[in-house]
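Survey of secondary and tertiary structure
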Amino acid sequence: MKKSKYEIDMCHGSIMDKLISFSLPLMCSGILQLMFNAVDIIVVGRYNGSQALAAVGATTALINIFTNLFIGLSLGANVLAARYYAAGRDREMSEAVHTAIALALVSGILMLFVGLGASGFALEVMGTPGDVIDQASLYLRIYFMGMPFFMLYNYGAAILRAVGDTKRPLLFLGAAGMTNVALDLLLVIVIPLGVAGVAVGTVASQMVSCVLVLVCLYRSEGSYQLRFSKLTLKGHYLKRIFQVGIPAGIQSTVINFSNALLQSSVNSFGSTAMAGYTAANNIMGFLYASVNSVTQACMSFTSQNYSVGEQKRMDRVLLDCAILSAGAAAVLGVGAYVFGAQVLRIYTSDREVIKCGLEILSITTVPYFLCGIMDLIPGALRGMGHSGVPMILSIIGTVGIRVLWIYVFFPQNRSLNFLFISYPASWIATILMQIVCYYFVRKECARHMMNERLLKQGF
């Protein structure tokens, strides 16, 4: 099964070491990307002040809302490619790859125009303060110019992950990130363009990562080799990508909508609290990168083993992933809690901003392992081709509780501490529902695999 040094055989041999080999580069990729994003925040916060820092931070939830539906579709491409690859169906693999890349290009162009047209209005709806809305709007307009590059990279990296290759995307992000840092220093400090300089640096770095991943796919020798002349949108593969990807994208979009509502509540405290939330949210992003890498591993490993009927191996994958995810989140979460003040000082020297950031971190960091478990179970279910019910349960558990908290409980006790208790509360509720869902889906998949086995044996 293993065809090159970058690919991982997910269906044979030991599991934990392969999960680590898959997850670690992916985790490093996520952390590296966040470190470079943190440079954006640090540079603009220190050289342009807390208002510029708040302006960049005010865009995060909106960017996630606008992009996560299409990023969810890349998960569908990952699951489909992993199944075809494990089953040795080279023709279907090639056609799925070319459909996915064509979809990425169309998605990126669409998001470019949606972002340019709707970002200003969306910032107003979120109640972005008048002293930062102009800078936030400028940042968004430039940022969305890079959407085609952003989408092509994410879909290309999803295809590489489907065959177990998480190392080369890490190298690509490293090159892109260095580009981002160099342009930040040039366009914010040397040439004082403020938030516009940060946005230009981000777009340029996205272009670099996009070119590198496309060149990698073009030069590949396997069934996932890319040829631009073969780009197409075949309905059969789009349907399968959408079956997994649309529910995943809707789930992520709606959850980020609840985060946007929470951002609106933070906005009501003023630009100082917004700046504190921006810094704290960036730190929490490092925690998310660690648990999300394990979720991605769980989805890819489950998908490949599902395609070859390895039921017991699927169960072991989920268990080992739960151990990895909880362990990584616990270590990083406790570290973020203990050293929160010191880390926040990297972002800003404003004492009031640091105080607001610490209030948020004191509630969200230590129990962050719950978020990892909450995301892990839907990842396993998507690997088995079931994405709709986990989406509904995640929306009910995560979004429902946060909306209830924001509009019913928060007005009675207006503080950042109380506002962010909604995070661990929503994680716990969602986990309980997802466990029940997994139990029933797993039984259904076992029956399906048994029926297929009997058919092959002629019964």
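Check the entry above for the structure.
Residues numbered from 1 in each chain as written. Predicted model: local features only at pLDDT ≥ 70, side-chain atom pairs only at ≥ 80, totals over all residues. Heavy atoms only, no water.

Along its length, the chain carries 17 helices and 0 strands. For the chain, the C-alpha radius of gyration of 22 Å lies close to 23 Å, the compact-globule estimate for 459 residues. For the chain, the proportion of its 459 residues judged to be buried stands at 58%. The contacts in the chain between residues at least 6 apart in sequence include a share of 85% that link residues at least 24 apart. Just so you have it, the chain exposes about 18000 Å², and 66% of that area is on carbon and sulfur atoms. A gap of 7 Å separates the mean positions of the 32 positive and 22 negative side-chain charges of the chain. (Helix = DSSP H or I, 4+ residues; strand = E, 2+ residues; numbered from the N terminus. Rg over C-alpha atoms; globule rule 2.2 N^0.38 Å. Buried < 20%, exposed > 50% of the residue type's maximum accessible area, 1.4 Å probe, protein only. Contact = heavy atoms within 4.5 Å. Areas by Shrake-Rupley, 256 points an atom, 1.4 Å probe, with all protein chains shown as cover. Lys, Arg positive; Asp, Glu negative; His and termini not counted. Charge placed at Lys NZ, Arg CZ, Asp CG, Glu CD.)

The first and last C-alpha atoms of helix α14 (residues 369-383) sit 21 Å apart over 15 residues, in line with the 21 Å expected at 1.5 Å per residue. The buried count for α14 comes to 14 of 15 residues, which makes it a mostly enclosed element. Of the residues flanking the end of α14, it is Gly385, one or two places downstream, whose phi is positive at about 90 degrees. (Expected span 1.5 Å × (residues − 1).)

Here we take up the packing of helix α9 (residues 235-267) against helix α10 (residues 271-307). Viewed as axis vectors pointing N to C, α9 and α10 meet at an angle of 140 degrees, and their least axial separation amounts to 8 Å. Accordingly, the angle class assigned to the pair α9 and α10 is oblique. Contact residues: α9 offers Leu262, Gln263, Val266 and Asn267, while α10 offers Ala273, Met274 and Tyr277. Class assignment of the residues belonging to the contact of α9 with α10 gives a composition of 5 nonpolar, 2 polar and no charged. (Axes fitted to C-alpha atoms, helices over the stretch in contact; angles between N-to-C directions. Parallel < 35°, antiparallel > 145°, perpendicular 65-115°, else oblique. Nonpolar A, V, L, I, M, F, W, Y, C, P; charged D, E, K, R; others polar.)

Below, the discussion takes up the packing of aromatic side chains. Evaluated as defined, the whole model comprises 13 aromatic pairs. Centroid distance Phe22 to Phe301: 5.8 Å. Interplanar angle 85 degrees. Geometry classified as edge-to-face. Of this pair, Phe22 sits in helix α1 (residues 16-48) while Phe301 is found in helix α10, placing the two residues 279 residues apart along the sequence. Ring geometry for Trp405 against Phe409: centres 5.4 Å apart, planes inclined by 55 degrees, an arrangement best described as tilted. Here Trp405 pairs with Phe409, and both are found in helix α15 (residues 388-409), just 4 residues apart, close to one helical turn. The exposure class assigned to Trp405 is buried, which follows from its relative accessible area of 15%. Arg414 extends its terminal NZ or CZ atom over the ring of Phe269, reaching a point 4.8 Å from the ring centre. (Phe/Tyr/Trp six-rings, centres within 6.5 Å; stacked < 30°, edge-to-face > 60°. Lys NZ or Arg CZ within 6 Å of the ring centre and 35° of its normal.)

All right, on to the pattern of salt bridges then. One pass over the structure, following the stated rule, counts 7 salt bridges. For Arg91, the salt bridge is made with Glu92, and the minimal N-O distance between the two is 3.7 Å. Close ionic contact of Lys234 with Glu95 constitutes a salt bridge, the shortest N to O distance being 3.3 Å. A residue pair is termed long-range when its members are at least 10 positions apart, and Lys234 in the loop between α8 (195-219) and α9 and Glu95 in helix α4 (residues 90-125) qualify at 139 residues. According to the relative accessible area criterion, Lys234 is partly exposed, its value standing at 33%. (Salt bridge = Lys/Arg side-chain N within 4 Å of Asp/Glu carboxyl O.)

So, about a nonpolar patch on the surface. On the surface, a cluster of nonpolar side chains totalling about 620 Å² of accessible area is made up of Tyr47, Leu185, Leu186, Ile189, Val190, Ile191 and Leu193. In terms of residues, the nonpolar patch owes the most to one element, helix α7 (residues 167-190), which gives 4 residues. Tracing the chain through its elements places Tyr47 in helix α1. (Patch = residues over 30% accessible without salt bridge, like charges linked within 9 Å, V, L, I, M, F, W, Y side chains within 5 Å.)

End to end, helix α13 (residues 351-364) covers 20 Å across 14 residues, agreeing with the expected 20 Å (1.5 Å per residue, within 8%). Taken together, the buried positions of α13 are Val353, Ile354, Cys356, Gly357, Ile360, Leu361, Ile363 and Thr364. Between the side-chain oxygen of the N-cap and the backbone nitrogen of Glu352 there are 2.9 Å, and the N-cap of α13 in question is Asp350. (Polar contact = N/O pair within 3.5 Å; in protein donor to acceptor, adjacent residues only side chain to side chain.)

Functional significance is not addressed by these values, which are geometric in nature.
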